[in-house]
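# Per-entry structural report
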Amino acid sequence: MSKQYNLAVCGATGVVGRKIIQVLEERDFPIENLSLFASARSAGQTIDFKGEAITIQELKEDSLKAPIDIAIFSAGGETSTHYAPFAADNGVIVIDNSSAWRMDPKVPLVVPEVNSNALTNGSKIIANPNCSTIQSVVPLAALKPYGIKRVVYSTYQAVSGAGQKGLADLENNTTNNFPYPINDTVIPQIDVFLDNGYTKEEIKMIEETRKILEMPELRVTATTVRVPIKNSHGVSINIELEKEFDLDTVREDFAKYPGIVVVDDNAKLKYPLQSEATGKDEVFVGRIRRDESLENGINIYVVADNIRKGAATNSVQIAEALVKNKLV
């Protein structure tokens, strides 16, 4: 029998936490024992996993220790900042979904299809990137052999990226989370504004792209926009390449790259749709065309389920990579 692992999910009652539990079951991760943690107000509730009702425990400083091998966090930056070091000190490997550790130079920022090589025996805290970054760097990695000079992101992000409050604003036509009613508009602001006029979400995409692709000087810019749909993000990406390219060859490169599904047939009106990506783990790439305004420019449109590939599935894939590479 193959080895099984003791795994914990912290923030188990949230949108992403519940999806992590679902994905662990769907992908049949080799679990000996699953522990679920959340805040005190959720303690005592149960969540079903493989037919068993697992009781949620309150997360405390001494919760994460042997025999737990891996803890997947999806409980916000403040919780991760406080509790992840306790877990790491106790020998537990932490996979964190918040932005708390992403830009720490000692912490790997991982999309397994792109840079699983960043995982090492010394990796005690591993960061899961921003949802829009995850789906964007997968096709960018496929283009790295052509040399990437500049990247321009424009996102179309679903309200589920803002959690339960974002979903409630869409469903109830309220403004408890968003500054304006999201039902009949798009909002060109995600997260707070910084002094340079960018939002934190935009800076996350810029900095995380450079780190994941190991291109610290890459020219990247971003505009992130919230749109009135429940789930799955779209990203329009304009890329300037160093080398000449053939579009048919690029389509083949995308199709062969792990985790990418090409949906690109103008004659049949086939292109990535957020509605069709929901519930799936792949990154869908289409609208592949030259940018005729510059030399070696290309435009693509990328769609993925932000709760699955953008958070839960990517976290589980990191855990799978740890197991595959015998790092746990």
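Rules behind the numbers
Residues numbered from 1 in each chain as written. Predicted model: local features only at pLDDT ≥ 70, side-chain atom pairs only at ≥ 80, totals over all residues. Heavy atoms only, no water. UniProt positions renumbered as here; feature names shortened; annotations may be inferred. Core = buried A, V, L, I, M, F, W, Y, C linked by side-chain atoms within 4.5 Å. Buried < 20%, exposed > 50% of the residue type's maximum accessible area, 1.4 Å probe, protein only. Helix = DSSP H or I, 4+ residues; strand = E, 2+ residues; numbered from the N terminus. Domains from an automatic or database assignment. Pairing = 2+ DSSP bridges. Contact = heavy atoms within 4.5 Å. Polar contact = N/O pair within 3.5 Å; in protein donor to acceptor, adjacent residues only side chain to side chain. Phe/Tyr/Trp six-rings, centres within 6.5 Å; stacked < 30°, edge-to-face > 60°. Lys NZ or Arg CZ within 6 Å of the ring centre and 35° of its normal.

As recorded by an unreviewed UniProt entry, the protein carries the name Aspartate-semialdehyde dehydrogenase and is attributed to Fundicoccus ignavus. Taken directly from UniProt, the Subunit (unreviewed entry) text for the protein runs: "Homodimer." Under the heading Sequence similarities (unreviewed entry), UniProt records this for the protein: "Belongs to the aspartate-semialdehyde dehydrogenase family."

Within the largest apolar cluster, 58 residues are counted, with the highest numbers of intra-cluster contacts made by Leu64, Tyr153, Ile239 and Ile298. A per-element tally of this core places helix H4 (residues 131–143) first, with seven residues. No fewer than three residues from each of domain 1 (5–128 + 311–325) and domain 2 (132–304) sit in this core.

So, on to the pairing of strand S10 (residues 233–241). With eight of nine residues buried, S10 lies mostly within the body of the structure. Alignment of strand S8 (residues 148–156) against S10, held across eight bridges, turns out to be antiparallel. Following the sheet pairing, Val152 is matched in S10 by Asn238. As paired strands, S10 and strand S13 (residues 297–304) are joined by eight bridges and run antiparallel to one another. Residue pairing for S13: Glu240 is matched across the bridge by Gly297.

So, on to the UniProt feature "binding site: phosphate" (unreviewed entry) in the protein. Here, the residues flagged by UniProt with the feature "binding site: phosphate" (unreviewed entry) are Arg102. Position of Arg102 relative to the elements: it lies in the loop between strand S6 (93–96) and helix H3 (112–115). Once you skip the residues sitting within four places of it in the chain, Arg102 turns out to touch Asn97, Val107, Leu109, Ala127, Asn128, Pro129, Asn130, Lys204, Glu208 and Lys211. There is a polar contact of 3.1 Å between the side chain of Arg102 and the side chain of Glu208.

Bringing the packing of aromatic side chains into the picture now. Counting across every chain of the model gives two aromatic pairs. Centre to centre, the rings of Tyr5 and Phe29 are 6.5 Å apart; their planes meet at 50°, and the pair counts as tilted. In this pair, Tyr5 sits in strand S1 (residues 5–10) while Phe29 sits in the loop between helix H1 (15–26) and strand S2 (31–38), placing the two residues 24 residues apart along the sequence. Each member of the pair, Tyr5 as well as Phe29, is classed as buried. Aromatic pair Tyr156 and Tyr301: ring centres 6.1 Å apart, planes at 70°, arrangement edge-to-face. Here Tyr156, found in strand S8, pairs with Tyr301, found in strand S13; they are 145 residues apart in sequence, far enough to count as distant. A residue is classified by how much of its surface remains accessible, and Tyr156, at 36% relative accessible area, is partly exposed. Cation over ring: Arg290 sits above Phe245, and NZ or CZ is 4.2 Å from the ring centre.

Relative to the helices and strands, Thr224 is located in the loop between strand S9 (219–223) and S10. Residue Thr224 is classed as buried on the basis of its relative accessible area, which comes to 0%. Excluding anything up to four places from it in sequence, Thr224 contacts Thr155, Gln157, Ile187, Pro188, Gln189, Ile190, Thr199, Glu201, Glu202 and Met205.

Take the environment of Ser160 next. Its place among the elements puts Ser160 in the loop between S8 and helix H5 (163–172). For Ser160, a relative accessible area of 5% gives the class buried. As for Ser160 and Ile212, which are separated by 52 residues in sequence, their C-alpha atoms are 24 Å apart. Those residues in contact with Ser160 that sit more than four places away from it in its chain are Leu167, Lys230, Asn231, Ser232, Asn306 and Ile307. Looking at Ser160, its side chain comes within polar contact range of the main-chain oxygen of Lys230, at 2.8 Å.

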